[in-house]
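If you want the building blocks of each chain, they are given just below.
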Number of protein chains: 2
Amino acid sequence: MTDSGCSVGIVAAEDAVFDVPLPLASGAVLPSYQLRFETYGRLNADKSNAILICHALSGHHHVAGRYQPDDKAAGWWDNMVGPGKPIDTRRFFVVGVNNLGGCHGSTGPSSLNPATGQPWGSAFPVVTVQDWVTSQARLADRLGITRWAAVIGGSLGGMQALQWSIAYPERVAHALVIASAPKLSAQNIAFNDVARQAILSDPDFCGGDFYQQGTVPRRGLRLARMLGHITYLSDDGMGEKFGRMLRSGEYQFSYDVEFEIESYLRYQGDKFSDYFDGNTYLLMTKALDYFDPAKEHDGDLAAALKPAQAQFLLASFTSDWRFSPERSRETVQALIAAGKRVSYAEIESAHGHDAFLMLDQPYVDLMRAYLQRVAQEVNA
Amino acid sequence: MTDSGCSVGIVAAEDAVFDVPLPLASGAVLPSYQLRFETYGRLNADKSNAILICHALSGHHHVAGRYQPDDKAAGWWDNMVGPGKPIDTRRFFVVGVNNLGGCHGSTGPSSLNPATGQPWGSAFPVVTVQDWVTSQARLADRLGITRWAAVIGGSLGGMQALQWSIAYPERVAHALVIASAPKLSAQNIAFNDVARQAILSDPDFCGGDFYQQGTVPRRGLRLARMLGHITYLSDDGMGEKFGRMLRSGEYQFSYDVEFEIESYLRYQGDKFSDYFDGNTYLLMTKALDYFDPAKEHDGDLAAALKPAQAQFLLASFTSDWRFSPERSRETVQALIAAGKRVSYAEIESAHGHDAFLMLDQPYVDLMRAYLQRVAQEVNA
């Protein structure tokens with residue numbers, strides 16, 4: 001085994017069906033739902049070594065490993081989760097779950113609405129980070145996990161980790177909130193709204209009920225993803241990787257791919273539009289927009305965090321301009337003001353927001369060291 | 001008259017028709033063309049007091065004044081151009097021109113192609129900053145202006161001012177290059193490409209030949225403009241102006257306007273899509289992408305600027321992240337390396353890229369002082 005650890009190997013997803021209505025923050029009630037999840041490693045006897053991985057906008061339950069030996073890609077955080085990796089599956093029982101409203105197996109807009117027998121489509125209720133955490137808590141109950149050794153997430157996943165610590169204080173020992181923010185800024189919301197409008201205004205979106213029409217809002221999804229990618233990378237990182245490199249050496253004076261950066265973005269957009277669900281994209285961005293735990297406390301984030309019992313690790317990346325270090329510092333300061341135990345690392349990286357998915361050495365070292373401490377606490 | 005000066009009053013546009021073919025950087029040739037322009041103030045006897053204002057992406061020739069007394073809006077730089085204003089029309093003869101490929105009266109994609117009698121549409125050739133400057137030089141000839149007291153532009157307009165100084169060294173006394181860059185970064189190009197893809201993939205774009213179809217690519221233009229506006233404002237400025245303010249005080253859990261920033265962007269997008277031409281938007285962003293005077297000098301900007309005889313004023317704004325101060329400093333350093341006379345001001349402003357259109361006092365003072373010096377030189 002190398003320093004970077006090895007793979008969890010072949011994995012399989014499971015489904016948990018909940019036939020109990022789920023009241024949502026919006027006031028709507030989801031009559032029943034299914035969560036698709038995966039687990040890696042082994043739950044110890046006192047069920048104290050479980051870690052929940054919360055995913056970001058386009059993520060899912062398939063965190064690590066492969067379904068088939070010849071799968072091209074492994075789970076989305078395979079570089080961080082596995083035997084000998086920072087989130088070490090020899091010590092921890094790791095759970096990945098696809099969020100409600102998702103398009104990877106959990107109940108979402110493309111699922112059948114039991115009331116109509118048709119896909120939910122536009123009738124699927126808007127879900128929030130709070131709703132996700134509530135639904136994840138039921139999954140924890142089902143798995144017999146009363147307290148997570150850690151809840152971990154980057155970006156939107158970090159918001160879930162934070163929300164877990166507030167909503168279920170006694171159920172979270174450690175919350176790892178990476179490249180995240182306590183609420184979106186106007187600029188963050190603005191980018192989300194452009195992405196949403198791209199999907200909503202795609203004629204193939206059909207008001208959200210495209211499943212029955214046999215269409216897919218590919219144009220909108222493609223644009224949303226292209227735009228998203230710009231905000232995931234840093235200006236400098238993009239400059240280093242692509243600069244003004246031309247596909248064919250000279251200007252073509254046409255609207256075909258000319259610069260390499262165009263090729264990259266269009267490729268990412270095309271790929272994404274082939275598999276992601278338009279309604280899910282809308283829902284996920286709305287969950288981001290709505291997250292604001294301080295809102296019910298007149299903007300006082302420290303007051304919102306008061307109930308938390310977890311220990312916190314926050315990490316941010318210097319070149320991340322989507323959720324800049326400043327945004328993590330807001331949370332850190334509120335945690336300190338609320339008298340919580342918090343560690344904070346601002347990590348030098350050129351990878352922008354995407355850095356939370358990459359292996360910058362200081363980040364790997366940080367995660368490894370922190371989680372070794374967590375493991376010792378639970379005798380994992 | 002107040003310190004901020006008064007209006008140039010009622011103005012009228014003029015057309016200059018050029019029946020001489022214009023060879024373009026792409027290799028294509030425009031058989032003939034028309035430029036729409038406006039002038040304010042009076043050309044002095046030795047024709048030495050003329051200032052050319054170059055417009056940015058969505059600008060045009062209507063720089064100052066009103067066509068009718070009850071026009072809601074004045075020209076786009078009315079706050080800077082007029083009697084007693086920094087670009088003082090009591091002293092200068094100011095020329096505004098709509099660029100080739102535009103949609104405000106100059107020959108562009110919606111004009112009739114003389115070869116077919118149909119709108120040019122997709123057949124209109126790609127134009128560059130160099131082409132614009134060449135066409136503007138012909139307009140200068142027509143007006144009897146052999147040397148501009150100053151060529152002034154912000155953003156894409158600044159690129160034209162820079163190009164003027166390179167292409168016609170003896171015809172530019174001063175080049176004022178504001179909130180601009182010597183070339184786009186990968187991130188700049190990326191944003192442009194998302195905007196272009198929004199227009200190109202709008203079914204109503206019809207491959208650029210929508211005029212005959214009676215359609216307008218409104219969806220694409222709207223998205224392009226929404227996205228553009230995000231990059232024109234600073235994160236902080238947007239936060240101060242809109243923050244997380246809600247339209248109706250509480251979350252609505254719908255995709256209608258919820259946050260004020262959404263309302264602002266959608267309004268701007270809708271308004272823009274009502275009057276701007278989709279093909280023009282594509283052309284203007286390509287002109288931005290292509291501009292790179294150092295390209296023919298192996299990336300050596302100082303070498304590219306060597307022929308210039310103008311004196312330069314460069315200005316940038318601290319919160320501008322589209323063309324950050326760093327980008328202006330690149331040009332300043334190259335000008336210094338090339339032995340040119342250059343003044344540079346980095347202006348504290350929360351207005352982002354849009355600051356070049358606003359009246360931050362240090363900016364107004366700078367422009368006023370600089371142009372008073374220019375006026376003295378030409379006895380204006």
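Here is what the cut-offs are and how they apply
Residues numbered from 1 in each chain as written. Chains lettered and ligands numbered in written order. Predicted model: local features only at pLDDT ≥ 70, side-chain atom pairs only at ≥ 80, totals over all residues. Heavy atoms only, no water. Pairing = 2+ DSSP bridges. Helix = DSSP H or I, 4+ residues; strand = E, 2+ residues; numbered from the N terminus. Axes fitted to C-alpha atoms, helices over the stretch in contact; angles between N-to-C directions. Contact = heavy atoms within 4.5 Å. Patch = residues over 30% accessible without salt bridge, like charges linked within 9 Å, V, L, I, M, F, W, Y side chains within 5 Å. Areas by Shrake-Rupley, 256 points an atom, 1.4 Å probe, with all protein chains shown as cover. Salt bridge = Lys/Arg side-chain N within 4 Å of Asp/Glu carboxyl O. Lys, Arg positive; Asp, Glu negative; His and termini not counted. Charge placed at Lys NZ, Arg CZ, Asp CG, Glu CD. Phe/Tyr/Trp six-rings, centres within 6.5 Å; stacked < 30°, edge-to-face > 60°. Buried < 20%, exposed > 50% of the residue type's maximum accessible area, 1.4 Å probe, protein only. Lys NZ or Arg CZ within 6 Å of the ring centre and 35° of its normal. Least-squares fit on C-alpha atoms with pLDDT ≥ 70 in both. Core = buried A, V, L, I, M, F, W, Y, C linked by side-chain atoms within 4.5 Å. Expected span 1.5 Å × (residues − 1). UniProt positions renumbered as here; feature names shortened; annotations may be inferred.

Colleague: Mind showing me how you'd approach the sheet that holds strand 1 (residues 14–18) of chain A here?
Modeller: All names here are of chain A. Here eight strands make up an open sheet; going across it, the order is 1-4-8-5-9-10-11-12 and the pairing mixed. At either margin of the open sheet sits one strand with a lone partner, and together these are strand 1 and strand 12 (342–347). Strand-to-strand twist across the sheet, computed as the mean angle between neighbouring axes with direction ignored, equals 20°. Bridge analysis of strand 5 (residues 50–54) against strand 8 (residues 93–97) gives four bridges, and the strand direction is parallel. Across the sheet, the residue bridging to Leu52 is Val95, located in strand 8. Where helix 2 (residues 156–167) meets the sheet, its contacts fall on strand 5, strand 9 (150–154), strand 10 (174–178) and strand 11 (311–317), and the angle it forms with strand 9 comes to roughly 150°.

Colleague: How should a negative patch on the surface be read in this particular structure?
Modeller: A cluster of acidic residues, A:Asp235, A:Asp236, A:Glu240 and B:Glu326, forms a negative patch at the surface. It is helix 5 (residues 235–241) of chain A that provides the largest number of residues to the negative patch, a total of three residues. Examined against the element boundaries, B:Glu326 turns out to sit in helix 9 (residues 325–337).

Colleague: How do you make sense of the packing of aromatic side chains when you look at a structure like this?
Modeller: Two measures describe an aromatic ring pair: the distance that separates the ring centres and the angle between the ring planes. Applying the stated criterion across every chain, the model contains 40 aromatic pairs over all chains. On the numbers, 4.9 Å between centres and 20° between planes, the contact of A:Phe18 with A:Tyr33 is stacked. One end of the pair, A:Phe18, is in strand 1; the other, A:Tyr33, is in strand 4 (residues 33–40), and 15 residues separate them in sequence. Since its relative accessible area comes to 3%, A:Phe18 is described here as buried. Owing to a relative accessible area of 2%, A:Tyr33 belongs among the buried residues under this scheme. Between A:Phe272 and A:Phe276 the ring centres are 4.6 Å apart and the planes differ by 15°, which places this aromatic pair in the stacked class. Using a relative accessible area of 1% as the deciding quantity, one classes A:Phe272 as buried. A relative accessible area of 5% means that A:Phe276 is categorised as buried. Among the aromatic residues, those joined into a cluster by ring pairs are A:Phe191, A:Trp321, B:Phe191 and B:Trp321. Between the NZ or CZ atom of A:Arg373 and the centre of the ring of A:Tyr370, over which it lies, the distance is 4.9 Å. The lysine or arginine in question, B:Arg171, covers the ring of B:Tyr168, its NZ or CZ lying 5.9 Å from the ring centre.

Colleague: Would you mind going over the relation of the copies chain A and chain B with me for this structure?
Modeller: Think of it as a corkscrew move, a rotation about one axis and a shift along it, taking one chain copy to the other. With an RMSD of 0.0 Å, the fit of chain A onto chain B corresponds to turning through 180° and sliding 0.0 Å along the axis. The superposition operator between the copies reduces to a two-fold rotation axis. When you check the interface residues of chain A against chain B, 100% turn up at the interface there too, and the contact is symmetric in its surfaces.

Colleague: In this structure, what is going on with the sheet that holds strand 11 (residues 311–317) of chain B? I would like to understand it.
Modeller: Two strands in a sheet stick together by hydrogen bonds in their backbones, pointing the same way (parallel) or opposite ways (antiparallel). Residue and element names in this part refer to chain B. Here eight strands make up an open sheet; going across it, the order is 1-4-8-5-9-10-11-12 and the pairing mixed. The strands lining the two open edges of the sheet, one partner per strand, are strand 1 (14–18) and strand 12 (342–347). Along the sheet, successive strands turn relative to each other by an average axial angle of 20°, direction set aside. The pairing of strand 9 (residues 150–154) with strand 10 (residues 174–178) spans four bridges and is parallel. Directly across from Val151, in strand 10, lies its bridge partner Ala175.

Colleague: Before we go on, may I ask you to explain the nonpolar core in this structure?
Modeller: Within soluble globular proteins, side chains that are nonpolar generally end up buried alongside one another. Membership of the largest hydrophobic core comes to 252 residues, with the highest contact counts inside it found for A:Trp77, A:Ile87, A:Ile152, B:Trp77, B:Ile87, B:Ile152 and B:Met367. Not counting chain neighbours up to four residues away, the residues in contact with A:Ile87 comprise A:Ile51, A:Ile53, A:Trp77, A:Met80, A:Val81, A:Gly82, A:Val94, A:Ile152, A:Met367 and A:Leu371.

Colleague: What is the right way to read helix 4 (residues 218–232) of chain A from this model?
Modeller: Note on helix geometry: an α-helix contains 3.6 residues per turn, so any two residues three or four positions apart are oriented the same way. Counted at 1.5 Å a residue, the expected span for helix 4 of chain A with its 15 residues is 21 Å, and the 21 Å between its end C-alpha atoms agrees. For helix 4 of chain A, a buried count of 13 out of 15 residues is recorded, marking the element as mostly surrounded by other parts of the structure.

Colleague: Any chance you could explain the UniProt feature "active site" (unreviewed entry) in chain A here in plain terms?
Modeller: Residues and elements named next belong to chain A. Sites flagged by UniProt as "active site" (unreviewed entry) map to Ser155, Asp320 and His353. Separation in sequence by 199 residues is not matched in space for these annotated residues, since their most distant C-alpha atoms are only 10.7 Å apart. In this structure, Ser155 sits in the loop between strand 9 and helix 2. Each residue touching Ser155, except ones within four places of it in the same chain, is listed here: Ala56, Ile178, Ala179, Ser180, Phe323, His353 and Phe356. Relative to the helices and strands, Asp320 is located in the loop between strand 11 and helix 9 (325–337). Every residue in contact with Asp320, bar those within four places of it in the chain, is listed here: Ala179, Pro325, Gly352 and His353.

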